[in-house]
Amino acid sequence: ILGGAPRKLCSGLGFNGTPPSIMGAAWSEEADRFVTFGAKHVKLWTPAGGDNAGAGLVAAKGGSGGMSVASNYVGKACSFGNAAEASDGLCGAFLPGSGGRRLATGHANGKLYIWEDRECNRVIDVHGTNPVRALTIRVTELGAGTGISRVELITA
């Protein structure tokens, strides 16, 4: 919301306690979706419609950054599956170039989880038993004009 006045983006019912206490959220810059994470959960929110099911969230009218923004969103829990143990999500970011389909979340157990849509498909031990409290993404060009880049996840 650079250069604009603060405004309400969305509203919905919240829940206190464990789960699903929310520690944070991240919005995809490439697709109309966002993720929330917190007490032993990661939830992906997509525009309502189709075969989505779950609790809805209503967004304020008007978008930002030229991307159209839905007026209603539906959240569905992501699956830790066999790849990961359920752990408190503390931070997260969508991976560039994935069309909003891949994201990384940092967890209280010291691990970084890589998600494809709603499935965890990779776990990286980055901090031992220390929590991953913050992460950022840096994209670097590997060769001038080649169009090949590397994505680096920097954690704290």
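Cut-offs applied
- Residues numbered from 1 in each chain as written.
- Predicted model: local features only at pLDDT ≥ 70, side-chain atom pairs only at ≥ 80, totals over all residues.
- Heavy atoms only, no water.
- Helix = DSSP H or I, 4+ residues; strand = E, 2+ residues; numbered from the N terminus.
- Buried < 20%, exposed > 50% of the residue type's maximum accessible area, 1.4 Å probe, protein only.
- pLDDT = per-residue confidence, 0-100.
- Contact = heavy atoms within 4.5 Å.
- Phe/Tyr/Trp six-rings, centres within 6.5 Å; stacked < 30°, edge-to-face > 60°.
- Pairing = 2+ DSSP bridges.

(A) View of unusual backbone geometry. With a phi close to 50 degrees, Lys40 is a non-glycine residue in the positive phi region. In this model, Asp117 sits at a positive phi of 55 degrees, which is unusual for a non-glycine residue. Locating Asp117 in the fold gives a position in the loop between strand S9 (111-116) and strand S10 (119-125). Asp117 gets classed as partly exposed once you look at its relative accessible area, which sits at 24%.

(B) Broad picture of the confidence of the model for the protein. Of all residues in the protein, 70% have pLDDT values of 70 or greater, and the mean over the chain is 80. Per-residue pLDDT stays below 50 along residues 51-55; that stretch engages in 13 contacts with residues further than four places along the chain or on separate chains. For the stretch residues 60-64, pLDDT sits under 50, and the model shows 9 contacts to residues farther than four places along the chain or on other chains.

(C) Looking closely at the packing of aromatic side chains. Counted according to the given criterion, the structure contains 7 aromatic pairs. An angle of 10 degrees between the planes, with centres 5.0 Å apart, marks the rings of Trp27 and Phe34 as stacked. Relative accessible area serves as the criterion here: at 41%, Trp27 is assigned to the partly exposed category. Between Phe80 and Tyr113, the aromatic rings sit 6.0 Å apart at their centres with planes inclined by 80 degrees, giving edge-to-face as the arrangement. With Phe80 in the loop between strand S6 (72-77) and strand S7 (89-94) and Tyr113 in strand S9, this pair connects stretches of sequence that are 33 residues apart. By relative accessible area, Phe80 is classed as buried at 11%. Here Tyr113 falls in the buried class, since its relative accessible area comes to 0%. One aromatic cluster is present, formed by Trp27, Phe34, Trp45 and Tyr73 through successive ring pairs.

(D) Inspection of the environment of Arg133 at higher detail. If you trace the backbone, Arg133 turns up in the loop between S10 and strand S11 (135-141). It is 8.8 Å that separates the C-alpha atoms of Arg133 and Gly110, two residues lying 23 residues apart in sequence.

(E) Representation of the pairing of S7 within the structure. Within S7, 5 of the 6 residues are buried, which leaves it mostly tucked inside the rest of the structure. Pairing of S7 with strand S8 (residues 102-107), which is carried by 5 bridges, proceeds in the antiparallel orientation. Looking at S8, one finds that Ala93 is bridged to Ala104.

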